[in-house]
Amino acid sequence: RQIIRLFLTEGFFMSVAGAVGGILLGLAFVIPLSYTGIALGEDFEMGSINFSVLYPQATVDIVIKVFIFSIAVSTFISYLAIRRSAKIKPIEALRR
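On a predicted model such as this, the values are computed, not experimentally measured, just so you know.

Engineer: Explain the pattern of salt bridges to me, and be specific about the residues and the numbers.
Structural biologist: In total, this model carries 1 salt bridge according to the counting rule given. Ionic pairing is found between aspartate 61 and lysine 65, a salt bridge with its closest N-O pair at 3.3 Å. On the criterion of helical spacing, the pair formed by aspartate 61 and lysine 65 is a turn pair, its members being 4 residues apart in helix 2 (residues 60–86).

Engineer: Would you mind going over the packing of aromatic side chains in detail, with residue names and values included?
Structural biologist: Under the counting rule described, the total for this entry stands at 1 aromatic pair. Between the aromatic rings of phenylalanine 12 and phenylalanine 13, the centroid separation amounts to 5.4 Å while the plane-to-plane angle is 70°, which identifies the pairing as edge-to-face. The exposed category is assigned to phenylalanine 13, whose relative accessible area is 53%.

Engineer: Report on the environment of arginine 5, specifying residues and quantitative values.
Structural biologist: With respect to the helices, strands and loops of the structure, arginine 5 is situated in helix 1 (residues 2–36). For the pair arginine 5 and tyrosine 79, spaced 74 residues apart in sequence, the C-alpha to C-alpha distance is 9.4 Å.

Engineer: Quick rundown of helix 2? Include the residues and the values.
Structural biologist: Here helix 2 contains 27 residues, and its C-alpha end-to-end distance of 38 Å stays within 8% of the 39 Å for a straight helix at 1.5 Å per residue. Residues of helix 2 that are buried include every one of Ile71, Thr75 and Ile82, and no others. On the buried face of helix 2, the contacting elements are helix 1.

Engineer: Could you give me a rundown of the packing of helix 1 against helix 2, with the residues and numbers involved?
Structural biologist: At a closest axis distance of 8 Å, the pairing of helix 1 and helix 2 adopts a crossing angle of 150°. The way helix 1 lies across helix 2 gives a crossing that is right-handed. Of the residues in helix 2, those in contact with Ile4, Phe7, Leu8, Gly11, Phe12, Ser15, Val16, Ala19, Val20, Ile23 and Leu27 of helix 1 are Val63, Phe67, Ser70, Ile71, Ser74, Thr75, Ser78, Tyr79, Ile82 and Ala86. For the contact of helix 1 with helix 2, the residue count by class is 15 nonpolar, 6 polar and no charged.

Engineer: Give me the lowdown on helix 1, citing residues and values where you can.
Structural biologist: Here helix 1 is 35 residues long and its end C-alpha atoms lie 51 Å apart, about the 51 Å a rise of 1.5 Å per residue gives. Where helix 1 is buried, its residues meet helix 2.

What counts as what
- Residues numbered from 1 in each chain as written.
- Predicted model: local features only at pLDDT ≥ 70, side-chain atom pairs only at ≥ 80, totals over all residues.
- Heavy atoms only, no water.
- Salt bridge = Lys/Arg side-chain N within 4 Å of Asp/Glu carboxyl O.
- Helix = DSSP H or I, 4+ residues; strand = E, 2+ residues; numbered from the N terminus.
- Phe/Tyr/Trp six-rings, centres within 6.5 Å; stacked < 30°, edge-to-face > 60°.
- Buried < 20%, exposed > 50% of the residue type's maximum accessible area, 1.4 Å probe, protein only.
- Expected span 1.5 Å × (residues − 1).
- Contact = heavy atoms within 4.5 Å.
- Axes fitted to C-alpha atoms, helices over the stretch in contact; angles between N-to-C directions.
- Left-handed = near helix turned anticlockwise from the far one by under 90°.
- Nonpolar A, V, L, I, M, F, W, Y, C, P; charged D, E, K, R; others polar.

Here is the structure:
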């Protein structure tokens, strides 16, 4: 039980590190593109809207939601892997 908690804590902190890194990398792309825009071509249509340049935006609200969602998903996936690994005998795990 302590081992499961230890690995779950490790998975949580790794997911926090990954979320922070992903958000920083994403912001490094979004902030410059919010000024220059992404050229889509002259005749890019979406329904009745016709536009040629897309300007992405990153709000604090979106960043917080992405941060929480990525940590929740990563921690849940870590838990599933830990739970499956806990069912294997230690000797059998070392053989694999």
